[in-house]
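This is what each chain is made of:
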Amino acid sequence: MIRFAAVSAVALLTLAACERRDDPAAQPPSAAAPAPAEAAPPPTPVDASTLTADGLGPARIGMTRAELVQVWGEDSQPNAVGGADPETCDEFHPVNAPTDVRVMIQNGVLTRITAAREATTKTDRGFGVGDTGMAIKQAYGGAVFAQPHKYQSAPAEDLFVWSHGGSTAYVTDPAARGIRYEVGSDGKVMMVYAGDPSIQLVEGCS
């Protein structure tokens, strides 16, 4: 009788162990599956019609003249003199650039893009030729730095907005990028310059 009881006890223990193995709640928690990696956001497209401190469409500040020619073509007026020393500094309108948009090439590199008097190109804040200096000041607030115009009386002035690397003093850092709004004596923008410290030049390449 004692032997039967011992065998029965062993059987019961074995059965209980089997039940625990079959019970999902009794199993140790498995390692959580790693979360799927998030896909990288698509690159922000370059707006071909918006002028920024870094360029306009495919024309980017810092590219070589050869790279610029690939995207905007050659000088639309190759016989015109764009600068006193074109090998060092030249300004011209590429054949495929927007209306009345000029480029400055210094030592073979694109340093400045200018939206001149007939240009319809706007900056990334929506300003262009014909807008008022007052509206620009109100929009940019403390980020805008005003300087007196070199040749015209107030309200003519130059309004500088540096996106990086700039200051209120004369900027020499070649990595600096900014926009300059040239405001005429009527209080309206005559030209817009975007690029590196060359936007501070008031007489072409000088």
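Use the structure listed above.
Residues numbered from 1 in each chain as written. Predicted model: local features only at pLDDT ≥ 70, side-chain atom pairs only at ≥ 80, totals over all residues. Heavy atoms only, no water.

Caption draft 1: Quick peek at the environment of Lys-188. Mapped onto the fold, Lys-188 is located in the loop between strand S10 (177-183) and strand S11 (189-195). Put simply, Lys-188 and Ala-156 are 32 residues apart on the chain and 8.1 Å apart in space, counted from C-alpha to C-alpha. Apart from the residues within four sequence positions on either side, Lys-188 is in contact with Gly-130, Asp-131, Thr-132, Glu-182 and Val-183. (Helix = DSSP H or I, 4+ residues; strand = E, 2+ residues; numbered from the N terminus. Contact = heavy atoms within 4.5 Å.)

Caption draft 2: Here's a closer look at the sheet that holds strand S6 (residues 109-115). With antiparallel pairing, 7 strands are arranged side by side in an open sheet as S4-S5-S6-S11-S10-S9-S8. Either end of the sheet is taken by a strand with one partner, and the two such strands are strand S4 (89-92) and strand S8 (145-148). Put simply, the sheet's adjacent strands are angled 20 degrees from each other on average, direction ignored. Pairing analysis gives 4 bridges linking S6 to S11, with the strands arranged antiparallel. Across the sheet, Arg-112 pairs through a bridge with Gly-195, a residue of S11. Helix-sheet contacts for helix H2 (residues 65-72) involve S4, strand S5 (101-106) and S6, and the interaxial angle to S5 is about 160 degrees. Sheet contacts for helix H3 (residues 133-140): strand S9 (157-164), S10 and S11; angle to S9, the most-contacted strand, approximately 30 degrees. (Pairing = 2+ DSSP bridges. Axes fitted to C-alpha atoms, helices over the stretch in contact; angles between N-to-C directions.)

Caption draft 3: View of the packing of aromatic side chains. In total, this model carries 4 aromatic pairs according to the counting rule given. An angle of 40 degrees between the planes, with centres 6.3 Å apart, marks the rings of Phe-127 and Tyr-140 as tilted. Here Phe-127 is found in the loop between strand S7 (122-123) and H3, whereas its partner Tyr-140 is found in helix H3, with 13 residues between them in sequence. For Phe-127, a relative accessible area of 11% corresponds to the buried category. Relative to Tyr-181, the ring of Phe-127 lies with its centre 6.2 Å away and its plane at 90 degrees, an arrangement referred to as edge-to-face. Linking Phe-127 in the loop between S7 and H3 with Tyr-181 in strand S10, this pair joins segments that are 54 residues apart in sequence. (Phe/Tyr/Trp six-rings, centres within 6.5 Å; stacked < 30°, edge-to-face > 60°. Buried < 20%, exposed > 50% of the residue type's maximum accessible area, 1.4 Å probe, protein only.)

Caption draft 4: Highlighting the pattern of salt bridges. Applying the stated rule across the entire model yields 7 salt bridges. Put simply, Arg-180 and Asp-158 hold a salt bridge, and the shortest N to O gap is 3.1 Å. Here Arg-180 is found in strand S10, whereas its partner Asp-158 is found in strand S9, with 22 residues between them in sequence. For Asp-158, a relative accessible area of 4% translates into the label buried. Taken together, the shared-partner salt bridges in this structure form one network comprising Asp-158, Arg-180 and Glu-182. (Salt bridge = Lys/Arg side-chain N within 4 Å of Asp/Glu carboxyl O.)

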